[in-house]
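One-letter residues, chain by chain:
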Amino acid sequence: MTAENSVPKRYRHEMKYIINSGYYHILRSRLKAAMRPDPHGDNGVYRITSLYFDDVFRTAYNDKLLGLDVRKKYRIRYYSLSPSVIRLEVKEKKGEMVCKRSVPLTYEEYQSILKGNAEFFGKESYIGTAGEEFYLSDKLTALSPAVLVDYMREAYICPAGNVRITFDSSLKTSLHADPLGSKADFINVFTGGEIILEVKYDSFIPSYISELLSGIPLTRESVSKFVLCSDKLTEVSKCSYCQKIS
């Protein structure tokens, strides 16, 4: 464990919109001319899979529906359905400000958490990290896998203002918690090709980027992939309360 895992919390602005494919192509052509594709993807495109956790009271889900100003979610995230990079993340939201912190996981630690054992986060080396937060919350509220969220992300970045604009498409979920360990059947969440546009920045957006986003009827929405996928599982399972994934 390195000292970088215990860095102070840093909040960023986050705005979300749902757009159709036509507006996506217009915005994409503009952004490609002025911003750099995320170097971590293939020309800025990569697949993200996140396993979200919730407690027996569905606190994370209900806090989002209630629109509480301060809320928190835990998730395990990996890319391209590969175990090469796995991270446990805690995402905190205060108003429109978001803070994300994470710690790396080995595949064995990932499997241990899925089996309900996160005791390794109780080690002194995890003090002050996202791992310790997950460990304490698990002890208090018995966290368990709640919903799997899977999508393709196309990301563009700008150093000025640390701006990051992403298009998230092909949103899917699954009744299986661990597609890394076994074949999972994915369920489409959107039926009309909707795309989630996210705009994130530190303290300002350069004026030329704001202009790129203008001229299109963007309506800011409280979009949550966690809730969208949870509701889809409820619909699929015909369950009135919640569907346990396994």
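Look above for the structure.
Just so it is clear, the model here is predicted, and its values are computed rather than measured. (Residues numbered from 1 in each chain as written. Predicted model: local features only at pLDDT ≥ 70, side-chain atom pairs only at ≥ 80, totals over all residues. Heavy atoms only, no water.)

This part is about the pairing of strand β1 (residues 12-19). By the criterion of burial, β1 is predominantly enclosed, with seven of the eight residues buried. As judged from the two bridges shared by β1 and strand β6 (residues 97-105), these two strands associate in the antiparallel manner. Note that in β6 the partner of H13 across the bridge is M97. Here seven bridges tie β1 to strand β10 (residues 195-201), and the two strands are oriented antiparallel to one another. The residue of β10 that forms the bridge with M15 is V199. (Buried < 20%, exposed > 50% of the residue type's maximum accessible area, 1.4 Å probe, protein only. Helix = DSSP H or I, 4+ residues; strand = E, 2+ residues; numbered from the N terminus. Pairing = 2+ DSSP bridges.)

The next thing to look at is the packing of aromatic side chains. This structure, assessed with the given rule, holds 13 aromatic pairs. Taken together, a centroid distance of 5.0 Å and an interplanar angle of 80° make the contact between Y24 and F167 edge-to-face. Of this pair, Y24 sits in helix α1 (residues 21-34) while F167 sits in strand β8 (residues 163-174), and the two are 143 residues apart along the sequence. Joined through ring pairs, the aromatic side chains of F53, Y74, F120, F121, Y126 and F134 make up one cluster. The ring of F186 has R47 lying over it, and the distance from NZ or CZ to the ring centre is 5.2 Å. One residue, R58, lies across the ring of Y61, its end atom 4.1 Å from the ring centre. (Phe/Tyr/Trp six-rings, centres within 6.5 Å; stacked < 30°, edge-to-face > 60°. Lys NZ or Arg CZ within 6 Å of the ring centre and 35° of its normal.)

Limitation: the analysis is restricted to geometry and does not speak to function.
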